[in-house]
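Examination of the molecular architecture
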Amino acid sequence: MRYDFCTYFDSNYLSRGLALYRSLKEHCQDFRLWVLCMDDDSYGALSGMELPGIELIALKDFEKGDDSLEQAKKGRTRIEYYFTCTPSLVLFILNSFSDVDLITYTDADLYFFADPRPLFEEMRDDSIAIIPHRFSPQNKWNLIFGMYNVGWLSFRRDKNGLKCLMRWRELCNEWCYDRVEDNKFADQKYLDNWPRDFQGVAVIENKGANLAPWNVTNYKLCTGGGKVFVNGNTLIFYHFHAFRNLFWRVYAIGLSIYKARPDKIIRDYIYKPYLGALREADKDLSEIRDKRFCARNIRIQESSSF
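Here is a short report on the structure shown in this document. (Residues numbered from 1 in each chain as written. Predicted model: local features only at pLDDT ≥ 70, side-chain atom pairs only at ≥ 80, totals over all residues. Heavy atoms only, no water.)

For the rest of this paragraph, the subject is the overall build of the chain. When you go through the chain residue by residue, the secondary structure sums to 9 helices and 17 strands. Against the globule reference of 19 Å for 306 residues, the chain gives a C-alpha radius of gyration of 20 Å, in line with a compact fold. Looking at the chain residue by residue over its 306 residues, the buried ones come to 52%. Looking at the chain alone, contacts between residues at least 24 apart form 74% of all its contacts between residues at least 6 apart. Surface summary for the chain: the accessible area is close to 15000 Å², and the carbon and sulfur share equals 50%. (Helix = DSSP H or I, 4+ residues; strand = E, 2+ residues; numbered from the N terminus. Rg over C-alpha atoms; globule rule 2.2 N^0.38 Å. Buried < 20%, exposed > 50% of the residue type's maximum accessible area, 1.4 Å probe, protein only. Contact = heavy atoms within 4.5 Å. Areas by Shrake-Rupley, 256 points an atom, 1.4 Å probe, with all protein chains shown as cover.)

Now the structure itself:
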């Protein structure tokens with residue numbers, strides 16, 4: 001069975017987006033990843049790589065004719081506009097590609113360690129799938145940002161899925177800011193009401209989905225057969241929220257923000273593989289940029305010749 005995913009990112013997140021894609025390619029036999037490129041640099045770089053299974057969407061094509069989204073864009077920061085685009089991207093794909101019956105949005109900083117099939121099996125025939133943050137005790141205060149995480153969301157092309165998706169888009173177009181206000185936060189806090197307001201909402205219970213800095217201390221991790229297990233569940237994907245490159249080869253992994261410390265399994269079996277994937281992606285992207293730079297210089301020289 002083919003799975004359809006979508007995500008968005010700009011040139012600042014290119015290496016993470018490429019790492020996400022490659023992790024899917026390693027663990028998911030048949031998939032498509034729709035990528036909304038939020039700037040020309042990201043679109044150009046990915047176009048030059050000709051990656052099988054990736055479908056690119058240029059920002060201008062995504063925004064074309066969407067007056068409601070254009071109006072919402074005014075007065076919002078770049079990250080707030082990105083948040084605003086989340087439901088619109090999912091709806092854009094369902095409206096544009098009739099062969100997509102189930103679409104899953106993923107944040108660009110997810111990385112897969114195993115086949116996601118168990119999550120779709122748990123979802124069964126439900127219309128919508130969401131995953132709780134599962135905050136550790138020391139991070140319960142983060143519930144002000146939402147019970148559920150936008151990092152993974154699935155929508156089926158049916159009455160319930162489309163009703164939820166269109167309502168979410170309306171709300172995000174009305175209000176989607178990077179602050180907590182009136183029981184709202186960005187595109188995320190709206191999810192709190194979905195199990196109450198819509199039918200067919202599956203709340204994924206598999207603890208191997210969306211392991212993250214804010215919940216990793218909840219679980220007993222162990223390894224075996226080259227896999228990581230989370231309270232007995234295979235680690236399917238980890239959410240590398242707050243992971244950032246400070247300079248050159250120095251990285252902040254973001255665990256301390258959530259009062260977590262990296263033990264051997266977290267360090268050697270989760271973060272080290274991801275760091276390796278990012279470095280490999282950066283290397284390949286540098287080669288693509290060099291080729292594009294050389295090609296551009298050749299064109300400039302040719303156009304300047306007499």
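Every buried residue of helix 2 (residues 40-49) is listed here: Ser42, Gly44, Ala45, Leu46 and Met49. One or two positions beyond helix 2, positive phi appears at Glu50, with a value near 50 degrees.

With that settled, the discussion passes to the nonpolar core. Counting 42 residues, the largest nonpolar core has Ile103, Phe155, Trp168 and Trp194 as its most contacted members. Looking at this core, the elements with two or more residues in it are strand 1 (3-9), strand 2 (31-37), helix 3 (59-63), helix 5 (78-96), strand 4 (102-106), strand 6 (128-132), strand 7 (148-156) and helix 7 (159-174). Ranked by residue count, the leading element in this core is helix 5, at 9 residues. Setting aside residues up to four positions removed in sequence, Trp194 forms contacts with Ile128, Ile130, Leu153, Phe155, Cys164, Trp168 and Val201. (Core = buried A, V, L, I, M, F, W, Y, C linked by side-chain atoms within 4.5 Å.)

This paragraph deals with the sheet that holds strand 15 (residues 237-239). Spatial strand order, 5-15-11: 3 strands in an open sheet with mixed pairing. Looking along the sheet, the strands with just one partner apiece sit at the ends: strand 5 (110-112) and strand 11 (209-211). Strand-to-strand twist of the sheet, defined as the mean angle between neighbouring strand axes without regard to direction, takes the value 30 degrees. Pairing between strand 5 and strand 15: 3 bridges, direction antiparallel. Within the sheet, the bridge partner assigned to Leu110 lies in strand 15 and is His239. (Pairing = 2+ DSSP bridges. Axes fitted to C-alpha atoms, helices over the stretch in contact; angles between N-to-C directions.)

Moving on, we come to a nonpolar patch on the surface. Taken together, the side chains of Leu246, Phe247, Trp248 and Val250 present a nonpolar region at the surface, about 480 Å² in accessible area. Within the secondary structure, Phe247 is located in strand 16 (residues 244-247). (Patch = residues over 30% accessible without salt bridge, like charges linked within 9 Å, V, L, I, M, F, W, Y side chains within 5 Å. Salt bridge = Lys/Arg side-chain N within 4 Å of Asp/Glu carboxyl O.)

Time to look at the sheet that holds strand 2. Each strand in a sheet pairs with another by means of backbone hydrogen bonds, the pair being arranged parallel or else antiparallel. The strand order across the open sheet formed by 7 strands is 3-2-1-4-7-6-10, and the pairing between neighbours is mixed. Each edge of the sheet is formed by a strand with only one pairing partner; in this case those strands are strand 3 (54-58) and strand 10 (201-203). On average, adjacent strands in this sheet sit at an angle of 20 degrees to one another, irrespective of strand direction. Sheet analysis places strand 1 next to strand 4, joined by 3 bridges and oriented parallel.

With that settled, the discussion passes to the pairing of strand 3. Here strand 2 pairs with strand 3 via 5 bridges, running parallel. Considered in strand 3, the bridge of Leu33 is made with Ile54. What joins strand 2 to strand 3 is helix 2, and the crossover it makes is right-handed. (Right-handed = clockwise from strand over helix to strand, strands pointing away.)

Attention now goes to the layout of surface pockets. Approximately 860 Å³ is the volume found for the largest pocket. As for the largest pocket, its lining consists of 33 residues, of which Ile79, Phe83, Asp107, Asp109 and His241 are closest to the centre. Mapped onto the lining of the largest pocket, the elements with two or more residues apiece are strand 1, helix 5 and strand 7. Ranked by residues supplied to the lining of the largest pocket, first place goes to helix 5 with 5 residues. Residue composition of the lining of the largest pocket, grouped by class: 17 nonpolar, 9 polar and 7 charged. If you trace the second largest pocket, you find 13 residues lining it, with Leu171, Tyr190, Asn193, Trp194 and Asp197 closest to the centre. Counting only elements with at least two residues in the lining of the second largest pocket, the list comes to helix 7 and helix 8 (194-197). If you tally residues by element for the lining of the second largest pocket, the top one is helix 7, at 4 residues. (1 Å grid on protein atoms, 1.4 Å probe; cavity = no way out; pocket = protein on both sides within 12 Å on 5 of 7 lines; lining within 4 Å. Points joined across faces, edges and corners; volume = space filled by probe spheres on them. Nonpolar A, V, L, I, M, F, W, Y, C, P; charged D, E, K, R; others polar.)

This brings us to the side chain of Asp284. Structurally, the position occupied by Asp284 is in helix 9 (residues 264-304). Aside from chain neighbours lying at most four places away, what touches Asp284 is Arg22 and Met49.

The interhelical angle for the contact between helix 1 (residues 14-27) and helix 2, taken along N-to-C directions, is 40 degrees, at an axis separation of 11 Å. Our classification of the angle between helix 1 and helix 2 gives oblique. Relative to helix 2, the crossing made by helix 1 is right-handed. On the side of helix 1, the interface is formed by Leu14, Leu18 and Arg22, while helix 2 contributes Asp41, Ser42, Ala45, Leu46 and Met49. For the contact of helix 1 with helix 2, the residue count by class is 5 nonpolar, 1 polar and 2 charged. (Parallel < 35°, antiparallel > 145°, perpendicular 65-115°, else oblique. Left-handed = near helix turned anticlockwise from the far one by under 90°.)

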